[in-house]
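Examination of the molecular architecture
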Amino acid sequence: MFDVLDMGASGLVAQRTRMDVISANIANINTTRNSKGELSPYRRKFVTLSSGQQADPARAGVHIDGIKEDQSEFLKKYDPGNPDADPTTGYVLQPNIDMSIEYVNALEASRAYEANVTMMETTKSMINSSLRLIA
Amino acid sequence: MFIENLLNQGSGPALSELLKFTSQRHKLLAENIVNVDTPGYKQKDLSLEKFQQLMQDRIEQRNNSAPGTVGFDDIQGKIENPTSGILFHDGNNRSMETLMSDQAKNALMHNMVIELLRKQFASMEMALKERVS
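Description of the structure in this document. Along each chain, residues carry numbers from 1 onward, in the same order as the chain's sequence is written. Written order determines the labels here, with chains lettered from A and ligands numbered from 1. Owing to the predicted nature of the model, reporting of local features is limited to residues with pLDDT of at least 70; listing and counting of side-chain atom pairs is limited to 80 or more, with chain, interface and lining totals taken over all residues. In computing side-chain values, all of the structure's heavy atoms are included and hydrogens and water are not.

1. A word on the overall build of chain A
Helices and strands together make up the secondary structure of chain A, namely two helices and four strands. The secondary structure elements of chain A, listed N-terminal to C-terminal, are α-β-β-β-β-α. Our radius of gyration looks at C-alpha atoms and nothing else; its globule reference is 2.2 Å times the residue count to the power 0.38. At 21 Å, chain A has a C-alpha radius of gyration far larger than the 14 Å of a compact globule built from 135 residues. With the principal axes as the frame, chain A shows a C-alpha extent of 80 × 25 × 20 Å. Here chain A holds 135 residues, and the buried ones make up 37% of them. Long-range pairs, those at least 24 residues apart, make up 56% of the contacts in chain A between residues at least 6 apart in sequence. Throughout, the Shrake-Rupley method with a 1.4 Å probe supplies accessible areas, and for residues the shown protein chains are the sole cover considered. For chain A, the exposed area adds up to about 7800 Å²; of that, 57% sits on carbon and sulfur atoms. By the criteria applied, helices consist of DSSP H or I runs no shorter than four residues and strands consist of E runs no shorter than two, each listed in order from the N terminus. In this scheme, a residue with accessible area under 20% of its type's maximum is buried, one over 50% is exposed, and one in between is partly exposed, where area comes from a 1.4 Å probe on protein chains only. Two residues qualify as a contact provided that any one of their heavy atoms is within 4.5 Å of a heavy atom in the partner residue.

2. What about the overall build of chain B?
Regarding its fold elements, chain B presents four helices and two strands. Reading the helices (α) and strands (β) of chain B from amino to carboxyl end gives α-α-β-α-β-α. For chain B, whose C-alpha radius of gyration is 19 Å, the value lies well above the compact-globule estimate of 14 Å for 133 residues. Evaluated residue by residue, chain B yields a buried proportion of 41% over its 133 residues. Pairs at least 24 apart in sequence give 72% of the contacts found in chain B among residues at least 6 apart. Positive: Lys, Arg. Negative: Asp, Glu. His and the chain ends are not part of the count. To locate a charge, the coordinates of NZ of Lys, CZ of Arg, CG of Asp or CD of Glu are taken. Within chain B, the 17 negative side-chain charges are centred at a point lying 2 Å from the centre of the 15 positive side-chain charges.

3. Quick look at helix H3 (residues 48-63) of chain B
All names here are of chain B. Here the expected length of a helix is defined as 1.5 Å per residue gap, with one fewer gap than residues. Along its 16 residues, H3 runs 22 Å from first to last C-alpha, staying within 8% of the 22 Å computed at 1.5 Å per residue. Every buried residue of H3 is listed here: Leu-48, Phe-51, Met-55, Arg-58 and Arg-62. Each buried residue of H3 sits inside an arc of 100° when the element is viewed along its axis, so together they form one side. Looking at H3, the residues exposed on the side facing more than 90 degrees away from the buried face are Glu-49 and Lys-50. Close packing links the buried residues of H3 with helix H2 (12-34), strand S1 (45-46) and helix H4 (96-129). For this quantity, the arc is that covered by the directions from the helix axis to the C-beta atoms.

4. Quick word on the layout of surface pockets
A probe as big as a water molecule, rolled over the atoms, marks out the empty space that is left. Residue and element names in this part refer to chain B. Using a grid of 1 Å spacing that covers the protein atoms alone, one calls a set of points a cavity when a 1.4 Å probe fits there but cannot get out, and a pocket when the set is open and has protein on both sides within 12 Å along at least five of seven lines; lining residues are those with an atom within 4 Å of a point. Grid points are joined across faces, edges and corners, and a volume is the space filled by probe spheres set on the points. Estimated volume of the largest pocket: approximately 440 Å³. Those elements giving two or more residues to the lining of the largest pocket turn out to be H2, S1, H3 and H4. The leading source of residues in the lining of the largest pocket is H4, at six residues. Under the convention adopted here, Pro, Cys and the residues Ala, Val, Leu, Ile, Met, Phe, Trp and Tyr are nonpolar, Asp, Glu, Lys and Arg are charged, and Gly plus all remaining residues are polar. Here the lining of the largest pocket is built from residues that sort into six nonpolar, nine polar and seven charged.

5. Thoughts on the packing of helix H2 (residues 99-132) of chain A against H4 of chain B
Whenever a helix is involved, its axis is fitted only over the stretch in contact; in every case the axis is a line through C-alpha atoms, and angles between N-to-C directions fall within 0 to 180 degrees. Running from amino to carboxyl end, H2 of chain A crosses H4 of chain B at an angle of 10°, the nearest separation of the two axes being 9 Å. In terms of their interaxial angle, H2 of chain A and H4 of chain B are classed as roughly parallel. Taking contact as the criterion, the partners of Ala-112, Ala-115, Thr-118, Met-119, Thr-122, Ser-125, Met-126, Ser-129, Ser-130 and Arg-132 of chain A in H2 of chain A are, on H4 of chain B, Met-96, Met-100, Gln-103, Asn-106, Ala-107, His-110, Asn-111, Ile-114, Glu-115 and Arg-118 of chain B. Taken together, the residues of the contact of H2 of chain A with H4 of chain B break down into eight nonpolar, nine polar and three charged. Here is the rule for angles: anything less than 35 degrees is roughly parallel, anything more than 145 is roughly antiparallel, 65 through 115 is roughly perpendicular, and the remaining ranges are oblique.

6. Describing the packing of helix H1 (residues 2-27) of chain A against H2 of chain B
At a minimum axis distance of 9 Å, the contact between H1 of chain A and H2 of chain B shows a crossing angle of 5°. Regarding the angle of H1 of chain A to H2 of chain B, the classification is roughly parallel. Contacts between H1 of chain A and H2 of chain B pair Asp-3, Val-4, Met-7, Gly-8, Ser-10 and Gly-11 of chain A from the former with His-26, Lys-27, Ala-30, Glu-31 and Val-34 of chain B from the latter. Here the residues of the contact of H1 of chain A with H2 of chain B are counted per class, giving four nonpolar, four polar and three charged.

Rendered as structure tokens:
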């Protein structure tokens, strides 16, 4: 029964990491330059989940398989006055992030997190009642 | 011998078997909840109906034979992959509502079984002490 708690923790970690990535996406929704200051819009990132725990995939649970970049095209915004705009067309390349998609994903992650917490609470109550057999 | 007979009578063995079943099922349901967003994950479950059918048959068999000859140790739920519900595009057939309600029901059953066992042990203790505690 105690390993169910480990399993729940693996779920919590996975959903929290997912939430971290979503917040990074939202925070960078207008970022057109990379950390070195070069012109390179931020690419949307997403996590891929895979079953089995990180340390030991044979154990039931879930883990982050990887954080991948969305290779879809960048959005374009017409803004000729912007120093980052293409001098011939006047378009600024924007990150390929859709706020509504990020929002829906964030909601899903937070609900899944809640479900995991509820599951762990239930596990704890079951363990407690089992311990009452001895007492 | 006396103690063994005492422990193997009545509903005790059946209850402990049910306890094993509920813990096992809780583990599977927890795994399903944890993997609710994992692409390609297939839901796992133990069928309560099938387990109860097995138990019922065994209890009848036990009632018709000498005490202590028929046990429940070999009764086990079999892990199934239920195909009910919607299969999503990511290959996962999750249903959060079913999972949460199954989990709650399973936990309640677990706690109920524990309570019944406690009562049984308490009455056994009372009989051993020969006084009402």
